[in-house]
Amino acid sequence: QVQVVESGGGLVQPGGSLRLSCVASGSIVSIWAMGWYRRAPGKEREMVADASSDGTTNYANSVKGRFTVSRDNAANTVYLQMSSLKPEDTAVYYCHVDDWFAGKTYWGKGTLVTVSS
């Protein structure tokens, strides 16, 4: 009943920029937070950035100053604007949607970002 779909991944050169999008649809009661995790090759999944309904945002230290997370609440959409990309940013990026009323978290299937020359 709930679907979370990411888009915007691809190949980009070091120092370049990329914008990811995530759209949630279906029987979601009330979204509190939407955001992004990533899993790099050989590494554990880590939180990248998220945004709450009150406008609060959080970022991993490794991406502060380079990434920006934003939301379109009416469209149940979250974005991740990535700039000054580094090879270590290469990962599959996963979108999460937190429905506080239902007490559930939903995940997308991921979109691959590759930063390489």
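Just above sits the structure.
Our subject in this report is the structure included herewith. All figures in this text were calculated on a predicted structure; none of them were measured in a lab. (Residues numbered from 1 in each chain as written. Predicted model: local features only at pLDDT ≥ 70, side-chain atom pairs only at ≥ 80, totals over all residues. Heavy atoms only, no water.)

Considering the sheet that holds strand β7 (residues 67–72)
Applied cut-off: Whether two strands pair depends on DSSP finding at least two bridges between them. Comment: elements are numbered from the N terminus, with helices defined as DSSP H or I runs of at least four residues and strands as E runs of at least two. For helices, the fitted axis covers only the stretch in contact; all axes are lines through C-alpha atoms, and the angles between them, taken along N-to-C directions, range from 0 to 180 degrees.
Pairing is antiparallel in the open sheet, where four strands are placed in the order β1-β3-β8-β7. In this open sheet, the two strands that pair with only one neighbour each are β1 (2–7) and β7. Strand after strand, the sheet turns through a mean of 15° between neighbouring axes, direction not considered. In this sheet, strand β8 (residues 77–82) lies alongside strand β3 (residues 18–26) in antiparallel orientation, the contact comprising six bridges. Residue leucine 20 lies in a different strand from β8, and its bridge partner there is leucine 80.

Examining the state of the cysteines
This is how the line gets drawn: Cysteine sulfur atoms that come within 2.5 Å of each other are treated as a disulfide pair.
In this structure the tally under the stated criterion is one disulfide. Each sulfur of the disulfide joining cysteine 22 and cysteine 95 lies 2.0 Å from the other. In this structure, the disulfide formed by cysteine 22 and cysteine 95 twists by about -85° around the S-S bond and is classed as left-handed. Of the two residues, cysteine 22 sits in strand β3 while cysteine 95 sits in strand β9 (residues 91–99), which places them 73 residues apart along the sequence.

Section: the pairing of β8
This is how it is decided: Each residue's exposure class comes from its accessible area (1.4 Å probe, protein chains only) as a fraction of the maximum for that residue type: buried when under 20%, exposed when over 50%, partly exposed otherwise.
Taking burial as the measure, the six residues of β8 include five buried ones, the bulk of the element. Across six bridges, β7 lies against β8 in antiparallel orientation. The partner of serine 70 across the bridge, within β8, is tyrosine 79. Here β7 hands over to β8 after four residues, with asparagine 76 in that stretch at a positive phi of 50°.

Side note on the packing of aromatic side chains
So the rule is basically this: Here a pair means two rings of Phe, Tyr or Trp (six-membered ring of Trp) with centres within 6.5 Å. Their orientation is stacked below 30 degrees between planes, edge-to-face above 60, and tilted elsewhere.
Tallied over the entire structure, the rule returns two aromatic pairs. When the centroid spacing of 5.3 Å and the interplanar angle of 70° are considered together, the rings of tyrosine 37 and tryptophan 107 count as edge-to-face. One end of the pair, tyrosine 37, is in strand β4 (residues 31–39); the other, tryptophan 107, is in strand β10 (residues 104–107), and 70 residues separate them in sequence. Judged by its relative accessible area of 23%, tyrosine 37 falls in the partly exposed class. Residue class for tryptophan 107 comes out partly exposed when judged on its relative accessible area of 36%.

A closer look at the pattern of salt bridges
The condition is simple: Definition used for salt bridges: Asp or Glu carboxyl oxygen within 4 Å of a side-chain nitrogen of Lys or Arg.
Overall, the coordinates contain three salt bridges when judged by the stated rule. Two residues, arginine 66 and aspartate 89, come together in a salt bridge whose shortest N-O distance is 2.8 Å. Of this pair, arginine 66 sits in the loop between β6 (57–59) and β7 while aspartate 89 sits in the loop between β8 and β9, placing them 23 residues apart in sequence. Like aspartate 89, arginine 66 is buried.

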